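Each chain, letter by letter, is given below.
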Amino acid sequence: MGVIDLRPLSRNDGQPKFLVDGTKYHYFYNPCYGFEKDCKGDVAVCQTLHPGRGAGANCGKQSTGSITVQQTTNPFTSLITYTGGDGNRMSLVRLICDEKQTKPKFAWEKEHPSEHYNFDLTSNACCPQKPPPSTTSTKPAPSTTHSGGRGQSHHPEDNKISIGTIMDITLLLLIITYLGVGIAFMRIKREATGFELIPNKSFWASLPGLVKEGTLFIVLKIRRQNSDYSAL
């Protein structure tokens, strides 16, 4: 059905929005907020014989207001009922939807039955308004980052470090630590300088030759096996 919002037709400064003359009395009305004009406190409709002189009668408390739909066809009408007034007083305000009525019109209808006061309020604000569309949060689709050639997707698994890389990093750190500690030892304990600072210098000097000899040994071994297979 929608929402009827009468706040644009209300005052929130302690004063009523509407004043209308009844058969014998005058009536103040404010749709959404209580006011202090002739009646004080929780009041929606106030009945007074002489407006502005006080001593008015509460004809319905603001806090008791309840709305019911009367007619859904053109014009759309609904009814607000205010109870709890002085004595048995209560007020019934019929809301009449009129899209062209930008200036609200508040009118007295009748008192029926006794101490039941009936009014009409005609305005475009009395028309049901469509509620704002609900916003639903959706999870964004996982993004794909392209690297290299077009169409090549980069997956999180590609960032994982392999075991071989971890072993290389560990070996490099061990060598750096070994050299650092060894150089410090040679410098402080043996007061060495220059190339003499390198720990086990003879080993490191012979290392390239050892690597070369090992490589030649493996190559010759492979060649010998290949020649044996060829003879077969």
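Residues numbered from 1 in each chain as written. Predicted model: local features only at pLDDT ≥ 70, side-chain atom pairs only at ≥ 80, totals over all residues. Heavy atoms only, no water.

S.K.: What's the story with the overall build of the chain in this structure? I'm lost.
M.R.: Each helix and strand in the chain was counted, giving 2 helices and 11 strands. If you list the helices and strands of the chain from N to C, you get β-β-β-β-β-β-β-β-β-β-β-α-α. The buried share of the chain, reckoned over its 232 residues, is 26%. Surface exposure of the chain reaches about 16600 Å², of which carbon and sulfur atoms provide 57%. (Helix = DSSP H or I, 4+ residues; strand = E, 2+ residues; numbered from the N terminus. Buried < 20%, exposed > 50% of the residue type's maximum accessible area, 1.4 Å probe, protein only. Areas by Shrake-Rupley, 256 points an atom, 1.4 Å probe, with all protein chains shown as cover.)

S.K.: Help me understand the pattern of salt bridges in this model?
M.R.: Close approach of charged atoms allows side chains with opposite charge to pair. The tally for this structure, following the rule as stated, stands at 3 salt bridges. Across the salt bridge formed by aspartate 13 and arginine 11, the nearest N and O atoms sit 2.6 Å from each other. For aspartate 13, a relative accessible area of 48% translates into the label partly exposed. (Salt bridge = Lys/Arg side-chain N within 4 Å of Asp/Glu carboxyl O.)

S.K.: Mind showing me how you'd approach the sheet that holds strand S6 (residues 77–82) here?
M.R.: What links the strands of a sheet is backbone hydrogen bonding, and the strands pair in either a parallel or an antiparallel sense. Taken in spatial order, the 5 strands of this open sheet run S5-S6-S7-S9-S8, and their pairing is mixed. Strands at the two margins of the open sheet, each flanked by one partner only, are strand S5 (66–71) and strand S8 (105–111). The mean inter-strand angle of the sheet, taken between neighbouring strand axes irrespective of direction, is 25 degrees. One ladder, built from 8 bridges, connects strand S7 (residues 90–97) with strand S9 (residues 116–123); its direction is parallel. (Pairing = 2+ DSSP bridges. Axes fitted to C-alpha atoms, helices over the stretch in contact; angles between N-to-C directions.)

S.K.: Explain the side chain of threonine 48 here, please?
M.R.: Along the chain, the position of threonine 48 falls in strand S3 (residues 45–48). Threonine 48 sits in the buried class, given a relative accessible area of 2%. From its side chain, threonine 48 meets the backbone oxygen of histidine 50 in a polar contact 3.2 Å long. (Polar contact = N/O pair within 3.5 Å; in protein donor to acceptor, adjacent residues only side chain to side chain.)

S.K.: Sorry, what's going on with the state of the cysteines here?
M.R.: Per the stated rule, a full pass over the model turns up 2 disulfides. A sulfur-sulfur distance of 2.0 Å marks the disulfide that ties cysteine 39 to cysteine 46. A torsion of 70 degrees about the S-S bond marks the disulfide between cysteine 39 and cysteine 46 as right-handed. The residues cysteine 39 and cysteine 46 share a single accessibility class, namely buried. The disulfide partner of cysteine 97 is cysteine 127, and the gap between their sulfur atoms is 1.9 Å. Of note, the bridge from cysteine 97 to cysteine 127 carries an S-S torsion of about 95 degrees and is right-handed in sense. Residue cysteine 97 is found in strand S7, and its partner cysteine 127 is found in the loop between S9 and strand S10 (145–146); the two are separated by 30 residues along the sequence. Taken individually, cysteine 97 and cysteine 127 each receive the classification buried, so the pair is uniform in this respect. Numbered by position along the chain, the disulfide-linked cysteines of the chain connect as 1-2, 3-4. (Disulfide = S-S within 2.5 Å.)

S.K.: Before we go on, may I ask you to explain the packing of aromatic side chains in this structure?
M.R.: Aromatic ring pairs are described here by two measures, namely the spacing of the ring centres and the angle between the planes. In total, this model carries 9 aromatic pairs according to the counting rule given. Note on tyrosine 27 and tyrosine 117: the rings are 5.5 Å apart at their centroids and 45 degrees apart in plane angle, and the pair reads as tilted. Taken together, the residues span a long stretch of sequence, with tyrosine 27 in strand S2 (residues 26–29) and tyrosine 117 in strand S9 at a distance of 90 residues. Of the two residues, tyrosine 27 and tyrosine 117, both sit in the buried class. Among the aromatic residues, those joined into a ring-pair cluster are Phe18, Tyr27, Tyr29, Tyr82, Phe106, Trp108, Tyr117 and Phe119. (Phe/Tyr/Trp six-rings, centres within 6.5 Å; stacked < 30°, edge-to-face > 60°.)

Everything listed here is a matter of geometry and, on its own, says nothing about what the molecule does.
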